[in-house]
Amino acid sequence: MWLNLQLFGFRALWSPYFLLFVVALGITYYLITGPLRQRLGSFEKPSIKQQSFFYIGLVLLYTVKGAPVDLLSHITLTAHMIQMAIYLILFPILMIKGIPTWVWEKVLLKPVIKSVMKVLTFPLISILLFNVLFSIYHLPAIFDLTKSSPVIHTIFHVFLLLFGFLVWFPIMSPIKQWQISHPLGKIFYIFANSVLITPACVLIIFADVPLFAAYSSNGAWLQALALCVPSDVLQGLTSTFQISGPEMFSPMSTLEDQQLGGIIMKLMQEIVYGVILARVFYAWFSPETLKIDPLPTTVTNTNDV
């Protein structure tokens, strides 16, 4: 497969412009939380753990949206689902954990933004926004439409990412007033998230025919490839090598690829949700939270002796 992918060229495989964008994000984070933070106020430097979360998040962002995984996501649904799981579920968690609270407060507690965020982070709203848009996006007609237009594709991916951030705020918001206060509420919220994303995965896993023209129809597949392959390169390949379709780059049939993609998405989602659920349980039943305040010491009144 790797040798075949070389046909698409360096730009399609490694997205150098997107790499520059990711590097710029890393430099901006370093400057704001490092040399420039004293100009913004007397703020603490992020911990090593926070910095690690942020920079690991950037590496994953480039891996799934700039490196060969992005090209593969337009060739196989399996790669697409790996991309979506990391981009929409894992990446937002790492960013929320990696960016210091004071940065979030500087941005999100502005009067207008604060009012909007108060509504969007209401648990029922945030959970529906993400899961409904995710399901709509994976309806075959909508999915194929997004793969045929760079503008529509970008709009969907931006909003999916924004809602991917919002869906985690009721559990781990750096601004405590937007978090669900009781651990039991967080547990129900995680469970509901797991349930609501299931229909989209089930539709893909148990379909007995290929659902997406972008992975099964030659014309639609070439349109999808045009999202990340330069047009001159793609035209040269279609005329010179007579690319027939995704099967040139995968040992699986279109249907097998589709089913595996749905399974991987569900498994990766369940693993991440399971880890977060375990952390909520641990925080709820940790020794510190189970400590009982000692009874007050009885003072004997000497006048009664």
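Quick caveat: nothing in here was measured; it's all calculated off a predicted structure.

A. Region of the structure containing the side chain of Gln-179. Relative to the assigned elements, Gln-179 resides in the loop between helix H13 (169-172) and helix H14 (183-196). In this view, Gln-179 contacts Phe-169, Pro-170, Ile-171, Met-172, Ser-173 and Lys-186; residues no more than four positions away in its chain are not counted.

B. Up close: the side chain of Lys-147. With respect to the helices and strands, the residue Lys-147 is situated in helix H11 (residues 140-148). Of the side chains with opposite charge, Asp-70 comes closest to the buried, unpaired Lys-147, at an N-O distance of 7.1 Å. Separated by 3.0 Å, the side chains of Lys-147 and His-74 make a polar contact. If we skip the residues at most four places from it in the chain, Lys-147 touches Ser-73, His-74, His-80, Ala-214, Tyr-215, Gln-223, Ala-224 and Leu-227.

C. How the structure looks around the environment of Ile-142. Along the chain, Ile-142 turns up in helix H11. Judged by its relative accessible area of 25%, Ile-142 falls in the partly exposed class. Along the primary structure Ile-142 and His-153 are separated by 11 residues, whereas in three dimensions their C-alpha atoms are 10.0 Å apart. The contacts of Ile-142, once residues within four sequence positions are left out, are Ile-136, Tyr-137 and Phe-156.

D. Inspection of the nonpolar core at higher detail. Core analysis: the biggest nonpolar cluster contains 63 residues, and Phe-165, Trp-168, Phe-169, Met-265 and Ile-276 have the highest contact counts within it. With 12 residues, helix H7 (residues 77-98) is the single largest residue contributor to this core. Ignoring anything within four residues of it in the chain, the contact list for Met-265 reads Met-81, Met-84, Ala-85, Ile-89, Phe-134, Ile-197 and Cys-201. By size, the runner-up hydrophobic cluster in this structure holds 16 residues, among which are Phe-8, Leu-72, Ala-79 and Leu-225.

Analysis parameters
- Per chain, residue numbering runs from 1 following the sequence as it is written.
- Selection of residues for local features in this predicted model requires a pLDDT of at least 70, selection of side-chain atom pairs for listing and counting requires 80 or more, and totals for whole chains, interfaces and linings are taken over all residues.
- As a rule here, side-chain values come from all non-hydrogen atoms in the structure, and water together with hydrogens is ignored.
- Note on conventions: DSSP H or I runs of at least 4 residues are helices, E runs of at least 2 residues are strands, and numbering of each starts at the N terminus.
- Throughout, a contact is declared for two residues whenever any of their heavy atoms are within 4.5 Å.
- A simple rule labels every residue: compare its accessible area, found with a 1.4 Å probe on the protein chains alone, to the largest value its type can have, and call it buried under 20%, exposed over 50%, or partly exposed in between.
- Charge counting treats Lys and Arg as positive and Asp and Glu as negative, with His and both chain ends excluded.
- In what follows, salt bridge is the name for a side-chain nitrogen of Lys or Arg lying within 4 Å of a carboxyl oxygen of Asp or Glu.
- The term polar contact refers here to a pair of N or O atoms within 3.5 Å; inside protein, the definition further demands a hydrogen-donor-capable atom paired with an acceptor-capable atom, and it admits residues adjacent in sequence only when both atoms are side-chain atoms.
- Among the buried residues, those of types Ala, Val, Leu, Ile, Met, Phe, Trp, Tyr and Cys that are joined through side-chain atoms within 4.5 Å form a nonpolar core.

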